[in-house]
Amino acid sequence: MPSGVINLQRQCRIDSQVSLTETATVCEEEYNFSVKLNQHGLKMYCCANCNYSTPYKSSLKTHAVTHRNVRPFECSVCHKQFKLREGLKSHFRLHSGEKPYKCKICGETFAQHAAMKYHFNKSH
Ligand SMILES: [Zn+2]
Ligand SMILES: [Zn+2]
Ligand SMILES: [Zn+2]
């Protein structure tokens, strides 16, 4: 997938501020993955830090962020930073007032799943 490769290089150039040829090496080390064939002969990119594996290099790149101290998702309101888009989305509900989690016993609504669970365990 040529577009994935381009993205990868662009991302790395920002990260390390070195030339393109050098970044390629830096990246491979930074992402720390191995390539294996699965039972269907499909190429799988395996994370070296956990047992995550994916056929897409771009997905591996997204996943690798969780092992690094990089928080690319920033809240536009309070500028708090998050490693994952899901984390930011969940946080952003505090600002938007959206409360998608509803207690099935009393109907009270919550912005975050953890808050609903806490309420559920404590009040019922
Ligand atoms: Zn991993
Ligand atoms: Zn915020
Ligand atoms: Zn309740």
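Quantities reported herein were computed from a predicted structural model and do not represent experimental measurements. (Residues numbered from 1 in each chain as written. Chains lettered and ligands numbered in written order. Predicted model: local features only at pLDDT ≥ 70, side-chain atom pairs only at ≥ 80, totals over all residues.)

Observations concerning the overall build of the protein chain
(1) Moving on: When its secondary structure is counted, the protein chain shows five helices and seven strands.
(2) Moving on: Helices and strands in the protein chain line up, N terminus first, as α-α-β-β-β-α-β-β-α-β-β-α.
(3) Moving on: Residues classed as buried in the protein chain amount to 6% of the 124 residues present.
(4) Moving on: Pairs at least 24 residues apart make up 10% of the contacts formed inside the protein chain by residues separated by at least 6 positions. (Helix = DSSP H or I, 4+ residues; strand = E, 2+ residues; numbered from the N terminus. Buried ≥ 20, exposed ≤ 12 C-beta atoms within 10 Å, placed from the backbone. Contact = placed C-beta atoms within 7 Å.)

Things to note about the UniProt feature "domain: C2H2-type" (unreviewed entry) in the protein chain
(1) Moving on: Cross-referencing UniProt, the feature "domain: C2H2-type" (unreviewed entry) maps to residues 45-72, 73-100 and 101-124 in the present numbering.
(2) Moving on: Strand forms 18% of residues 45-72 and helix 29%; the C-alpha atoms that close the span are 22 Å apart.
(3) Moving on: For residues 73-100, the end-to-end C-alpha separation is 21 Å, with 43% helix and 14% strand making up the annotated structure. (UniProt positions renumbered as here; feature names shortened; annotations may be inferred.)

Remarks on the sheet that holds strand β1 (residues 33-37)
(1) Moving on: Pairing is antiparallel across the open sheet formed by three strands, whose spatial order is β1-β2-β3. Here the strands that pair on one side only, and so sit at the sheet edges, are β1 and β3 (53-54).
(2) Moving on: Sheet topology places strand β2 (residues 43-47) next to β3; two bridges connect them, and they run antiparallel. Looking at β3, one finds that Cys46 is bridged to Ser53.
(3) Moving on: In the packing of helix α3 (residues 57-64) onto the sheet, contacts are made with β1, β2 and β3, and the angle to β2 comes to roughly 10°. (Pairing = 2+ DSSP bridges. Axes fitted to C-alpha atoms, helices over the stretch in contact; angles between N-to-C directions.)

Section: the environment of Val65
(1) Moving on: Note on placement: Val65 falls in the loop between α3 and β4 (73-74).
(2) Moving on: Discounting residues that sit within four places of it in the chain, Val65 has contacts with Val70, Pro72 and Lys83.

Focus on helix α4 (residues 85-96)
(1) Moving on: If you check α4, its first and last C-alpha atoms are 16 Å apart, about what twelve residues at 1.5 Å a residue would give, namely 16 Å.
(2) Moving on: Once α4 finishes, Gly97 follows within two positions and takes phi at roughly 80°, a positive value. (Expected span 1.5 Å × (residues − 1).)

Quick word on α3
(1) Moving on: If you check which residues of α3 are buried, you get Leu60, His63 and Ala64. Down the axis of α3, the smallest arc covering the buried residues is 100°, so these residues share one side. (Arc of directions from axis to C-beta.)

Focus: the environment of Cys47
(1) Moving on: Locating Cys47 in the fold gives a position in strand β2.
(2) Moving on: Using a count of 18 C-beta atoms within 10 Å as the deciding quantity, one classes Cys47 as partly exposed.
(3) Moving on: Linking Cys47 and Phe33, residues 14 residues apart in sequence, is a C-alpha distance of 4.6 Å.

Here's the deal with the pairing of β1
(1) Moving on: In this sheet, β2 lies alongside β1 in antiparallel orientation, the contact comprising five bridges. Directly across from Ser34, in β2, lies its bridge partner Cys46.
(2) Moving on: Here β1 folds back onto β2, and the loop between the two strands holds five residues, one of which, Gly41, carries a positive phi near 75°.

Details of the environment of Gly97
(1) Moving on: Within the secondary structure layout, Gly97 lies in the loop between α4 and β6 (101-102).
(2) Moving on: Residue classification places Gly97 among the exposed positions, given that 7 C-beta atoms sit within 10 Å.
(3) Moving on: In this structure the C-alpha to C-alpha distance between Gly97 and Ala111, which are 14 residues apart in sequence, comes to 7.2 Å.

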